[in-house]
Amino acid sequence: DNSALGYSVGTTLDRFIKMKQDDFPFASGELSQLLRDIALAAKIVNREINRAGLANIGGAFGQTNVQGEEQQKLDVIANIRFTRALTKGGEVCAVVSEEDDEVIDLQNNSGKYVVAIDPLDGSSNIDVNISIGTIFSIYRRVTPLGSPIQPEDIMQPGNKQVAAGYVLYGSSTMLVYTTGHGVNGFTYEQSLGEYFLSHPDMKAPASGNIYSVNEGLYNQMSNGLQSYINHCKENNFSARYIGSLVADFHRNLLKGGIYIYPGTTKTPNGKLRLLYEANALAYIAEQAGGKATDGHERILDIMPTSLHQRTPLFIGSEKLVDEAKTFLSEEARVV
Ligand code: P6P
């Protein structure tokens, strides 16, 4: 029971948001409503995901959609669901989505917030029934109300986030988020349609012995990173790599560990996207006492220059991220 924190395990998400809002009487409640909108869309996406496998069986289970259309890809469906929920909610004026080349203007000119989202990350894992996730960042717009202005409202560094979170559609579905006052995890109870506080005040273990990296990239890695990976092997680390960012991140957040998606000779900036993957997880990691860098600088201080830009990502337990960095800088000295 975390009564010292003013709430206890088992509190519903709605009550938790309400209590947190009471802590900020000047809050207009719009961010609270925005979080509710995201939580609702996640319930719908969760249901679509659970039905997807059957949808491929088609009519046999009556799963083809009513229009009998070609079963849309789940990440397209997720993008529609989140964008629609944010449009109807009215608090968001613009969305940057992994699924759309350009910024989506929601035509909510009184919306104070901008959302960057990966509606369904790791969708290549769906067909093989591996956990997948939604990742989102929330910013306050910086220009006066009206149509969102680029780049000012959109290309904000991660240190300007007002909230960030992820949904993990795993053995159970969880919503984990921060509004800058710590990290809290909620587990979705499908039969009740409610999220219940299951992981209050989440803290990243300062260290750990799990490293998560695609070792298939080893030969394309810098000497410094190769030496760090060898260091992990020499120190009895466990290699845990699901290949689904949210699942790998969440496990390391709970157990301690480091997740690395490095720049390589073929992809110098790695694979993961700054605006709607790295920034959100970096904010959560830091709020939980962990760390996130691109190998050199803090992810949250990177000034974006393009919507879908990639960044190398070293994220997780503070001591491990710091340690990895020393190996990388050694490489710099050697060179
Ligand atoms: P690789 C999934 O495609 C994803 O975007 C992340 O979820 C995951 O961590 C990463 O890519 C896996 O990439 O190159 O190791 O298959």
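Parameters and conventions
- Residues numbered from 1 in each chain as written.
- Predicted model: local features only at pLDDT ≥ 70, side-chain atom pairs only at ≥ 80, totals over all residues.
- Heavy atoms only, no water.
- Near = heavy atom within 4 Å.
- Polar contact = N/O pair within 3.5 Å; in protein donor to acceptor, adjacent residues only side chain to side chain.
- Areas by Shrake-Rupley, 256 points an atom, 1.4 Å probe, with all protein chains shown as cover.
- Nonpolar A, V, L, I, M, F, W, Y, C, P; charged D, E, K, R; others polar.
- UniProt positions renumbered as here; feature names shortened; annotations may be inferred.
- Helix = DSSP H or I, 4+ residues; strand = E, 2+ residues; numbered from the N terminus.
- Buried < 20%, exposed > 50% of the residue type's maximum accessible area, 1.4 Å probe, protein only.
- Arc of directions from axis to C-beta.
- Contact = heavy atoms within 4.5 Å.

Trainee: What should I look at first to understand the site of the ligand in this one?
Mentor: In the vicinity of the ligand, the residues found are Asp-121, Gly-122, Asn-214, Tyr-241, Gly-243, Ser-244, Leu-245, Tyr-259, Tyr-261 and Lys-271. One of the side-chain nitrogen or oxygen atoms of Asp-121 is found 2.5 Å away from an oxygen atom of the ligand. In this structure, an oxygen atom belonging to the ligand sits 3.1 Å away from a side-chain N or O atom of Lys-271. If the ligand stood free it would expose 400 Å²; the protein chains cover 80% of that surface. Here the residues of the shell around the ligand sort into four nonpolar, four polar and two charged.

Trainee: Quick question: what am I supposed to make of the UniProt feature "domain: Fructose-1-6-bisphosphatase class 1 C-terminal" (unreviewed entry) in the chain here?
Mentor: When the UniProt feature table is mapped onto this chain numbering, "domain: Fructose-1-6-bisphosphatase class 1 C-terminal" (unreviewed entry) sits at residues 205-328. Helix makes up 39% of residues 205-328 and strand 13%, with an end-to-end C-alpha separation of 22 Å.

Trainee: Help me out: how do you make sense of helix 1 (residues 13-22) in this one?
Mentor: Because each turn of an α-helix spans 3.6 residues, side chains separated by three or four positions end up pointing in the same direction. Those residues of helix 1 not exposed but buried are Leu-13, Phe-16 and Ile-17. End-on view of helix 1: buried residues confined to an arc of 95 degrees, all on one side of the axis.

Trainee: What exactly am I supposed to notice about the UniProt feature "binding site: substrate" (unreviewed entry) in the chain here?
Mentor: UniProt's feature table lists "binding site: substrate" (unreviewed entry) at Asp-121, Gly-122, Ser-123, Ser-124, Asn-214, Tyr-241 and Lys-271, given in the numbering used throughout. With respect to the element layout, Ser-124 can be found in the loop between strand 3 (113-121) and strand 4 (132-140). Looking at Ser-124, the relative accessible area reads 62%, which means it is exposed. Position of Tyr-241 relative to the elements: it lies in the loop between strand 10 (238-239) and helix 5 (245-255). What Tyr-241 contacts, discounting residues up to four positions off in sequence, is Ser-212, Val-213, Asn-214, Asp-248, Tyr-259 and Tyr-261.

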